[in-house]
Amino acid sequence: MNPVDPKAPYDDSNIFARILRGELPCTKVYEDEWAFAFHDIAPVAEIHVLVVPKGKYVSWDDFSVHAPAEEIAGFVRAVGRIAREMDLVEPGYRIINNIGPNGGQIVPHLHVHLLGGRVMGPMLDRNWQPA
Ligand code: 5GP
């Protein structure tokens with residue numbers, strides 16, 4: 001899949017939009033007024049859950065500019081609640097949001113990766129050197 005343009009208009013045919021509409025299957029773990037969460041199809045940790053807002057936002061950039069405060073709060077609280085309900089707080093976990101080409105975003109509907117159940121290691125490659 002092509003990298004996402006984080007400033008492109010929202011595309012209603014994206015995979016997560018279709019999951020939200022029930023057109024594609026998923027293994028759901030949580031749903032409330034603001035957020036929907038399901039297992040990643042290609043997990044990279046024991047627990048790899050994707051949390052998406054129900055609203056139509058391409059990226060964190062789009063969301064942070066256009067979403068009402070109530071929706072931002074609802075989404076952020078849902079991410080924290082899912083982690084608590086999955087007993088991830090005490091052992092620790094990682095949340096990742098990829099934005100655009102450099103971030104590695106593939107699906108153009110905002111999603112937070114919630115990763116747990118293993119030691120994640122360093123955040124990024126510590127051997128990176130400036131060009
Ligand atoms: P991104 O690179 O955009 O941050 O992450 C997209 C994530 O969506 C990837 O981890 C990928 O495995 C996951 N994914 C892609 N297609 C599907 C799908 O159809 N169902 C589910 N559950 N996850 C998907």
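Anything mentioned here points back to the structure above.
Residues numbered from 1 in each chain as written. Predicted model: local features only at pLDDT ≥ 70, side-chain atom pairs only at ≥ 80, totals over all residues. Heavy atoms only, no water.

1. With respect to the sheet that holds strand 1 (residues 28-31)
Across a sheet, paired strands are connected by hydrogen bonds in the backbone, their directions being either parallel or antiparallel.
And then number 1: With respect to topology, five strands assemble into an open sheet ordered 1-2-3-5-4, the strand pairing being antiparallel. Bordering the open sheet on either side are strand 1 and strand 4 (93-96), each of which pairs with just one other strand. For this sheet, the mean angle separating the axes of adjacent strands, direction not counted, is 20°.
And then number 2: In terms of strand pairing, strand 3 (residues 47-53) meets strand 5 (residues 112-116) through five bridges, oriented antiparallel. Paired with Val49 across the bridge in strand 5 is Leu114. (Pairing = 2+ DSSP bridges. Helix = DSSP H or I, 4+ residues; strand = E, 2+ residues; numbered from the N terminus. Axes fitted to C-alpha atoms, helices over the stretch in contact; angles between N-to-C directions.)

2. Overview of a nonpolar patch on the surface
And then number 1: Together, Met1, Ile15 and Ile106 line one region of the surface with nonpolar side chains, adding up to about 290 Å² of accessible area.
And then number 2: For Ile106, the position within the fold is in the loop between helix 4 (100-103) and strand 5.
And then number 3: What makes Ile106 partly exposed here is its relative accessible area of 34%. (Patch = residues over 30% accessible without salt bridge, like charges linked within 9 Å, V, L, I, M, F, W, Y side chains within 5 Å. Areas by Shrake-Rupley, 256 points an atom, 1.4 Å probe, with all protein chains shown as cover. Salt bridge = Lys/Arg side-chain N within 4 Å of Asp/Glu carboxyl O. Buried < 20%, exposed > 50% of the residue type's maximum accessible area, 1.4 Å probe, protein only.)

3. Quick notes on the site of the ligand
And then number 1: In the vicinity of the ligand there are 16 residues, among which Asp40, Gly104, Ile106, His111 and His113 approach most closely.
And then number 2: Between the ligand and Ile106, the relevant distance is 2.7 Å, taken from an oxygen atom to a main-chain nitrogen or oxygen of the residue.
And then number 3: One of the side-chain nitrogen or oxygen atoms of His111 is found 2.8 Å away from an oxygen atom of the ligand.
And then number 4: When the ligand is considered free in solution it has 520 Å² of accessible area, and contact with the protein chains removes 82% of it.
And then number 5: Secondary structure elements with two or more residues in the shell around the ligand: helix 1 (15-20) and strand 2 (35-39).
And then number 6: If one sorts the elements of the shell around the ligand by residue count, helix 1 sits on top with three residues.
And then number 7: Here the shell around the ligand is composed, by residue class, of nine nonpolar, six polar and one charged. (Near = heavy atom within 4 Å. Polar contact = N/O pair within 3.5 Å; in protein donor to acceptor, adjacent residues only side chain to side chain. Nonpolar A, V, L, I, M, F, W, Y, C, P; charged D, E, K, R; others polar.)

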